[in-house]
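# An overview of the molecular structure
Spelled out from the first residue to the last, the chains are:
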Amino acid sequence: EKIEKAKAKDRGNIALGKKVSASSYEPNSFPINAVDGDDSTYWGASPFPQWLVVDLGKAEKISRILLKTFWDGQRFYHYEIEISEDGEKWVKVGEKKDDKVATTEGEVYNFQPQSARFVKVNVLYNSANIGVHIVELKVYK
């Protein structure tokens with residue numbers, strides 16, 4: 001039901017409710033939280049670096065990714081976003097290496113439409129502590 005409500009609000013997000021895996025997770029900070037359309041939940045793991053992969057179920061032409069990390073007005077994260085058709089060969093389509101503070105809007109990465117079944121986020125650093133936190137990972141055609 002939660003996913004259905006999120007779908008109504010954010011029609012284009014093809015990662016919503018999809019299968020997701022991660023290098024690890026902390027209690028109640030499940031990987032699925034990163035694709036549940038709910039800004040009050042998140043995937044959390046520690047220590048960095050950690051990764052999260054969303055399986056879109058089949059190859060899709062995608063051209064935009066929105067990533068929301070945890071925000072508190074002070075912290076920032078460093079990460080890389082990669083896509084793959086087969087889960088073996090990965091192409092980097094976005095990265096954040098600067099110290100711009102995380103916001104409620106998140107960061108948007110636009111790129112030439114590419115076919116991908118998997119979207120991976122490698123979270124490399126958090127300025128506040130050793131944890132990594134993805135609130136939402138959204139993928140658009």
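It should be emphasised that the depicted structure is a prediction, and the values quoted were computed from it without experimental measurement. (Residues numbered from 1 in each chain as written. Predicted model: local features only at pLDDT ≥ 70, side-chain atom pairs only at ≥ 80, totals over all residues. Heavy atoms only, no water.)

### Quick word on the nonpolar core
Short version of the rule: Here the nonpolar core consists of buried residues drawn from Ala, Val, Leu, Ile, Met, Phe, Trp, Tyr and Cys, with membership extended through side-chain atoms lying within 4.5 Å. Think of it in three bands: with a 1.4 Å probe and only protein chains considered, a residue is buried below 20% of the maximum accessible area for its type, exposed above 50%, and partly exposed in between. The helix and strand labels rest on DSSP assignments: H or I over at least four residues marks a helix, E over at least two residues marks a strand, and numbering proceeds from the N terminus. Two residues form a contact once any of their heavy atoms are found within 4.5 Å.
The biggest cluster of nonpolar side chains holds 29 residues, and the ones touching the most others in it are I62 and I65. Of all elements in the fold, only β1 (19-22), β2 (43-45), β3 (50-69), β4 (77-84), β6 (107-126) and β7 (132-140) reach the threshold of two or more residues within this core. Ignoring anything within four residues of it in the chain, the contact list for I62 reads I14, L56, I83, F111, Q112, P113, Q114, A116, V119, V139, Y140 and K141.

### Things to note about the environment of V101
Secondary-structure assignment places V101 in the loop between β5 (91-96) and β6. Sequence separation between V101 and G37 is 64 residues, and the spatial gap between their C-alpha atoms is 22 Å.

### Overview of unusual backbone geometry
For the bond running from S46 to P47, omega is -5°, close enough to zero to count as cis. For the peptide bond that leads from F48 to P49, omega is 0°, which places it in the cis range. Counting through the fold element by element, P49 comes out in the loop between β2 and β3. Positive phi is not limited to glycine here, since N28 has a value of about 65°. Counting through the fold element by element, N28 comes out in the loop between β1 and β2.

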